[in-house]
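# Observations on chain architecture
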Amino acid sequence: MKRSLALAVCGAAVTLLAAGCSSGDQGSAAKGGTPQQGGSVTFAMPPNATPNWIFPIGTPGHLASFNGAIRQEVFVPLYSYDGSSGTVALDQKASAAKPPVYSNGGKTVDIKLNDLSWASGQKVTSRDVEFWFNLAKANKAQWGNYNAGDLPDNVAKFRAVSDTEFKLDLTKAYNPDWFTANQLTYVTPIPQAVWDVESAGGKPGDYDRTTDGAKKVFKYLTGEAGKLSEYASSPLWKAADGPFTVKEFTTTGQVTLAKNPKYTGTDTAHLDTVTFKPFTSSDAELNVLRSGGVDYGYLPALAVSQSKSIENAGYQVKPWNGWAIPYVPYNFNNPAMGAVFKQLYVRQAVQMSIDQTTISRVLWHNEAAPGYGPVPQTPVSKYLSPAQQTNPYPFDLNKAKTLLTSHGWTIVNGVASCAQAGSGATQCGAGIKAGTQLKLTINSQSGSTETDNMMQEVQSSLSKIGIGLSIKAEPLNSVLDHTAQCKPSQSSCSWQLSFFGTAGSWYFPAYPSGEQIFSSTGSTNLGSYVDPAADDLIKKSTSSTDTAAMQDYDAYVTKNLPVIWMPNPAYQVSAIRNSLRGVIQDPLANIQPQRWYLAK
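Residues numbered from 1 in each chain as written. Predicted model: local features only at pLDDT ≥ 70, side-chain atom pairs only at ≥ 80, totals over all residues. Heavy atoms only, no water.

## Overview of the state of the cysteines
To keep things clear, this is the line we draw: Pairs of cysteine sulfur atoms within 2.5 Å are what we label disulfides. Helix numbers and strand numbers start at the N terminus; a helix is a DSSP run of H or I with at least 4 residues, a strand a run of E with at least 2. For each residue, the accessible area found with a 1.4 Å probe, counting protein chains only, is set against the maximum for its type, and the residue is called buried under 20%, exposed over 50%, and partly exposed in between.
Throughout the structure, instances matching the rule amount to two disulfides. The disulfide partner of C418 is C428, and the S-S distance across this bridge is 2.1 Å. Between C418 and C428 the disulfide shows an S-S torsion of about 115°. By sign, it is right-handed. Highlighted residues: C418 in strand β20 (residues 415–418) and C428 in the loop between β20 and β21 (439–445), separated in sequence by 10 residues. Classification of C418 by relative accessible area gives buried; the value is 3%. Given the relative accessible area of 0%, C428 is considered buried. One disulfide bridge connects C486 with C493, the sulfur atoms lying 2.0 Å from each other. Negative torsions about the S-S bond denote left-handed disulfides, and the value of about 70° found for C486 with C493 makes this one right-handed. We note that C486, like C493, is buried.

Below is the structure:
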């Protein structure tokens, strides 16, 4: 989002975001050679990343980026974006609809579907899109991407014009860039004629058109979606309209997609199968890569120096950079430390104790870059504020320590303790009892040596200002499960800090606004951060077409520290077999294996 450019696509009245997410060729494998039809490819999953969901309405704990990347190969989303060419723009071939047309001052969206069919041979129609809307609306509290006031709340009416066209009447005018990229990309046509049932063996009907019926259908479908081992055999998940179908989906994380012979779109797969292979650690993956056991793998940062030997073994080594931010959320509702986290000076002291420059250079071997705020920082975009670009909280242990001691904390035996309870300028702050100690626990993603080393470095730095940090390493899905939005009285609120960003904590859609992760009602506001000023700025950023609205939001949240900003690693340093062509490493973390092919 480097250039302030709006593009018209195929003559439609839709603005697309121009973004310098990568140079045109960065991270792409060669396209040459004679394409072969058929063949199989194995793709290495990130450490401890195990796909666990395929239903196109994700519930909490099932929102990892690889779930979406796999799912859209089977069930085509209404709109998909791609940032691999150096711009973030609509990916027409991977979308179920033509570009939307906005009218009525931006309050009406007209959408026409592409020619796609389900496995049954029935066409994908407006009714299938309405089905998604009805389920999402009736079950929004269980939808992991739901943010109060946004989709589906902001759609006042769904109007089917024909089987291939529908209109959305919005509750107000929105920034078209934001609405298309950050709202309509959640919508996925789903097979109403097959899935609109309330129980196993039930006859399909129009149950979704009542709230009670939609809830029963959703309960049934999400129950079935929890049976991972049945994905390959269940008629529900065989009703695909994408370039692939599910051939294998194990509870241990291995997924194999097979070319869909009934696919009717223009993005037909070349390969017969693609297998997504899980690994318990990056070292385990590297051993398999060295032996030639994967076609598309990755090198841990510690092993980047071995790139030449990997290339000599028949691979290309390419960085895959993401349109993402890394962070550690605070649990502001934690009963023991929530009151402490609510003190801005504490968050400032913590942030100034993170030596991002050294961590990026030494621990990540220059395969990470410092991150200072809520907008992806590299490359520089028009949405970045000067506040984020200049880093308002540079590494300074002395200043960090002074912030604590000047607010009523004394350090005894290396741990800060509140000696001056109260809310005055030189006191610990509201809700913090005398004697409270700054002893924290972080749940951290396991499987990565770089992440382990980074956590130990953070632990060491914080100890120098009187903050004790205990590290609890867990697989990624466990960390996400244990990082729940919660109330102080709930047992699930025991977590304090959480890190799940070895490959980036949050991958943005094309428009990097923060309504999901930093608004008080955000579905992925894991730490329950609440700030009315931030809420107001977020709302302005989604409605105004003025770039200043995003910059104002960015500057405020950068300085207010709802989370700990952390170094942003490359999604991965990829090793791609020379015979595998057509690979484009999308900064939005899409995989697009339908475009891969084997060549001599």
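## A look at the sheet that holds strand β9 (residues 155–162)
Keep this limit in mind: One requirement defines pairing of two strands: DSSP has to find at least two bridges between them. To get an axis, fit a line to the C-alpha atoms, keeping to the stretch in contact for a helix; angles then go from 0 to 180 degrees between the N-to-C directions. The contact criterion used is simple: two residues touch if any of their non-hydrogen atoms lie within 4.5 Å.
Spatially, the four strands line up as an open sheet ordered β7-β8-β10-β9, and their pairing is antiparallel. With partners counted over all chains shown, the strands left at the sheet margins are β7 (101–103) and β9, one partner each. Each neighbouring strand pair of the sheet contributes to a mean axis angle of 20°, computed without reference to strand direction. By the bridge criterion, three bridges tie β7 to strand β8 (residues 108–112) in an arrangement that is antiparallel. Opposite V101, over in β8, you have D110 as the bridge partner. Helix α2 (residues 126–138) rests against β9 and β10 (165–170) of the sheet, and its axis sits at about 165° to β9.

## Things to note about empty space enclosed by the protein
Heads up, the condition is: For cavity detection a 1 Å grid was placed over the protein atoms alone, and a set of points counts as a cavity when a 1.4 Å probe fits there but cannot get out; an open set counts as a pocket when protein lies on both sides within 12 Å along at least five of seven lines, with lining residues being those that have an atom within 4 Å of a point. Grid points are joined across faces, edges and corners, and a volume is the space filled by probe spheres set on the points. Here the nonpolar group is Ala, Val, Leu, Ile, Met, Phe, Trp, Tyr, Cys and Pro; Asp, Glu, Lys and Arg are the charged ones; every other residue, Gly included, is treated as polar.
Counted under the stated rule, the structure contains six cavities of 30 Å³ or more. Estimates place the volume of the largest cavity at around 100 Å³. Looking at the largest cavity, it is lined by 14 residues, and the ones nearest its centre are V350, V458, L462, L497 and I564. Residue assignment for the lining of the largest cavity shows that the elements contributing at least two residues are β21 and α14 (449–463). Here the element with the most residues in the lining of the largest cavity is α14; it accounts for three residues. The class makeup of the residues in the lining of the largest cavity is 14 nonpolar, no polar and no charged. Its volume calculated, the second largest cavity comes out at about 70 Å³. The wall of the second largest cavity is formed by 13 residues, among which P329, I517, N525, G527 and V563 lie closest to the centre.

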